[in-house]
Amino acid sequence: SDQYLTNLTKFPDVKVLFIADLDLARAAAQAAKYGVAKSGTVDELLADADVEIVVNLTIPAAHADVDLKCVAAGKHVWSEKPYAVTREEANEVVAAAKKTGALVCVAPDTILGGGIQTGLRAIKSGKIGKPLTAITMFQAPGPEAWHPSPEFLFAKGGGPLMDMGPYYLSTLVSIFGPVARVSATGSKAKETRVIATGPKAGTEFPVEVPTHVGAMLEFENGSSAQCIFSFESTLFRMGFVEVNGTAGSISLPDPNMFDGDSELHVGNEPEDVSKIELTGATHGRGTGVTEMAQAIREGRQVRIPGEIALHVLDVLLSIQDAVESGQWVEVKSSLEPISPLPVDWDPINPTIR
């Protein structure tokens, strides 16, 4: 919550009114730290008539339940990814939101950061011609090395696919549009892992999901991408996104971050490369919440509608299905890709009067 609260308490178009948690002492401590007037239970938050948007930062398995409570209370929702852990849960949230008129938008908002936005503008302007293929890689040993409570990252709704996949897939569908079908393979290096840091250091816990997934994506427009998501590598490759087109290639910055320059490759020699310096806002998490608030006040479409996260979830679950079946799996959902933001858009600039 620190990442969100640091920004949401400084962006002028939003005001943080209430912090809720199962641990009331922690909620009170965060409220005091960031100068938020009220804290308490989720039910107390939902009873507050002044609250319009709830930012849901619970663990993945709780996303849908919390979102349903928020929607039933007439609140809009910005949720951390993934949208849910099953299609059934996601569809239940969609149906409830349609019934009440609430918006449910889901991270990542990193695709609104200056880093990815700069790369998207370069691609949309034809710098690499028509995008044809992409390669993405996320490889690391696993979050138990640094996270004090990593168990949920190895449980249902976790693993490198569900935890890191939304960043990479949200970027890819922003470039290529919707995914038509996927194939994949996966593995689990260990049945248990051990927490390495914090008060639970030395605690062993079960691994419930694949910790390495290699996927092939075919998009509706005929383009393709190869993706690796791994908690099994001692070789770190984080933030690798390469897009190849008819006139060149581009290396994008880490899709889990809001900054970073892109590199354009338009010749046949290694030295035929140029940097595309970042333009746009790089504040971090909470950017999407603020854009959502502005869209609500202006009566327009949000930049990251829930349909994007729904499609990304469908792709993630289809990859899971492909790992289990060993077959190509068709992706049933679709989406409309986002348009790049104006270069001068910045959540630090007030727009709501």
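Going by the structure above, here's the rest.
Below you will find a few notes about this structure.

About the criteria used
- Residues numbered from 1 in each chain as written.
- Predicted model: local features only at pLDDT ≥ 70, side-chain atom pairs only at ≥ 80, totals over all residues.
- Heavy atoms only, no water.
- Helix = DSSP H or I, 4+ residues; strand = E, 2+ residues; numbered from the N terminus.
- Rg over C-alpha atoms; globule rule 2.2 N^0.38 Å.
- Buried < 20%, exposed > 50% of the residue type's maximum accessible area, 1.4 Å probe, protein only.
- Contact = heavy atoms within 4.5 Å.
- Areas by Shrake-Rupley, 256 points an atom, 1.4 Å probe, with all protein chains shown as cover.
- Lys, Arg positive; Asp, Glu negative; His and termini not counted.
- Charge placed at Lys NZ, Arg CZ, Asp CG, Glu CD.
- Pairing = 2+ DSSP bridges.
- Axes fitted to C-alpha atoms, helices over the stretch in contact; angles between N-to-C directions.
- Phe/Tyr/Trp six-rings, centres within 6.5 Å; stacked < 30°, edge-to-face > 60°.
- Lys NZ or Arg CZ within 6 Å of the ring centre and 35° of its normal.
- Core = buried A, V, L, I, M, F, W, Y, C linked by side-chain atoms within 4.5 Å.
- Parallel < 35°, antiparallel > 145°, perpendicular 65-115°, else oblique.
- Left-handed = near helix turned anticlockwise from the far one by under 90°.
- Salt bridge = Lys/Arg side-chain N within 4 Å of Asp/Glu carboxyl O.

Considerations on the overall build of the protein chain
Helix and strand counts for the protein chain come out as nine helices and 16 strands. A compact globule built from 353 residues should have a C-alpha radius of gyration of about 20 Å, and the protein chain, at 20 Å, falls within 12% of that. Here the protein chain holds 353 residues, and the buried ones make up 51% of them. Intrachain contacts of the protein chain at a sequence separation of at least 6 include 71% that bridge at least 24 residues. Carbon together with sulfur atoms contributes 52% to the accessible area of the protein chain, which is approximately 15800 Å² in total. In the protein chain, 29 positive and 44 negative side-chain charges are present, and the distance between their average locations comes to 3 Å.

Here's the deal with helix α6 (residues 114-124)
Most of α6 sits inside the fold, with ten of its eleven residues counted as buried. Every buried residue of α6 is listed here: G114, G115, I116, Q117, T118, G119, L120, R121, A122 and I123. In the core, the buried residues of α6 are packed alongside β6 (131-139), α7 (159-176), β12 (237-245), β13 (249-252), β14 (262-265) and β15 (273-276). Looking one or two residues past α6, G126 carries a phi angle of roughly 90°, positive in sign.

Structural notes on the sheet that holds β12
Judged by pairing direction, the sheet is mixed, and its nine strands sit side by side in the order β15-β14-β13-β12-β6-β11-β10-β7-β16 without closing on themselves. Strands at the two margins of the open sheet, each flanked by one partner only, are β15 and β16 (329-330). Both strand β7 (residues 179-187) and strand β10 (residues 212-219) contribute to a ladder of eight bridges, which runs antiparallel. The partner of G186 across the bridge, within β10, is V213. The strands touched by α7 within the sheet are β6, β7, β10, β11 (224-230), β12 and β13, with β6 carrying the most contacts at an inclination of about 160°.

Re the sheet that holds strand β5 (residues 104-106)
Spatial ordering of the open sheet is given by β3-β4-β5, a layout of three strands whose pairing is parallel. Single-partner strands in this sheet number two, and they are β3 (53-56) and β5. Averaged over all neighbouring strand pairs, the angle between strand axes comes to 15°, with direction disregarded. Across three bridges, strand β4 (residues 76-79) lies against β5 in parallel orientation.

A few points about the side chain of S79
Its location among the elements puts S79 in strand β4. The contacts of S79, once residues within four sequence positions are left out, are N56, H63, D67, C105, V106 and A107.

Some points on the packing of aromatic side chains
Using the criterion set out here, one finds five aromatic pairs in the structure. Ring geometry for F138 versus F231: centroids 6.3 Å apart, planes at 75°, classification edge-to-face. Here F138, found in strand β6, pairs with F231, found in the loop between β11 and β12; they are 93 residues apart in sequence, far enough to count as distant. Like F138, the residue F231 is buried in the burial classification. Here a set of aromatic residues connected by ring pairs shows up, and it is made of F138, F154, F205 and F231. Positioned above the aromatic ring of W328 is the side chain of R181, whose terminal nitrogen or guanidinium carbon lies 4.0 Å from the ring centre.

Describing the pairing of β14
On a regular strand, one side chain projects to one face of the sheet and the next to the other, so that they alternate. Residues of β14 alternate between two faces, with S262 and L264 buried on one and E263 and H265 left unburied on the opposite face. Alignment of β14 against β15, held across four bridges, turns out to be antiparallel. Residue L264 lies in a different strand from β15, and its bridge partner there is S274.

Considering the nonpolar core
The nonpolar side chains of soluble globular proteins are, as a tendency, buried together. Among the nonpolar cores identified, the biggest contains 97 residues, and Y83, L172, V182, L217, V243, I250 and I319 are the most heavily contacted of them. Excluding residues within four positions of it along the chain, L217 makes contact with L169, L172, V179, R181, V182, S223, S224, A225, C227, V315 and I319.

Observations regarding the environment of A25
As for its placement among the helices and strands, A25 is situated in helix α2 (residues 24-34). Sequence separation between A25 and G40 is 15 residues, and the spatial gap between their C-alpha atoms is 8.6 Å.

With respect to the packing of α7 against helix α9 (residues 306-325)
Following both chains from N to C, one finds α7 and α9 inclined at 125°, their axes separated by 9 Å at the closest point. Taken as axis vectors, α7 and α9 run oblique relative to one another. Once α7 is placed against α9, the crossing between them reads as right-handed. Across the interface between the two elements, L161, M162, G165, P166, L169, S170 and V173 of α7 pack against I308, H311, V312, L313, V315, L316, L317, I319 and Q320 of α9.

Considering the environment of E88
In this structure, E88 sits in helix α5 (residues 87-100). On the basis of relative accessible area, E88 is assigned to the exposed category, the value being 58%.

Let's talk about the packing of helix α4 (residues 63-72) against α5
Axes are the key here: two packed helices are described by the angle between their axes and the distance separating the axes. For the pair α4 and α5, interaxial distance at closest approach is 9 Å and the crossing angle is 10°. The angle between α4 and α5 places the two elements in the roughly parallel class. Residues A64, D67, L68 and V71 of α4 lie in contact with α5, whose contacting residues are E89, E92, V93, A96, A97 and T100.

Some details on the pattern of salt bridges
A complete count under the given rule lists 14 salt bridges for this structure. Put simply, D48 and K38 hold a salt bridge, and the shortest N to O gap is 2.5 Å. Of the two residues, D48 sits in the loop between α3 (42-46) and β3 while K38 sits in strand β2 (residues 38-40), which places them ten residues apart along the sequence. A relative accessible area of 36% means that K38 is categorised as partly exposed. We note a salt bridge from E218 to R181, for which the minimum N-O separation is 3.3 Å.

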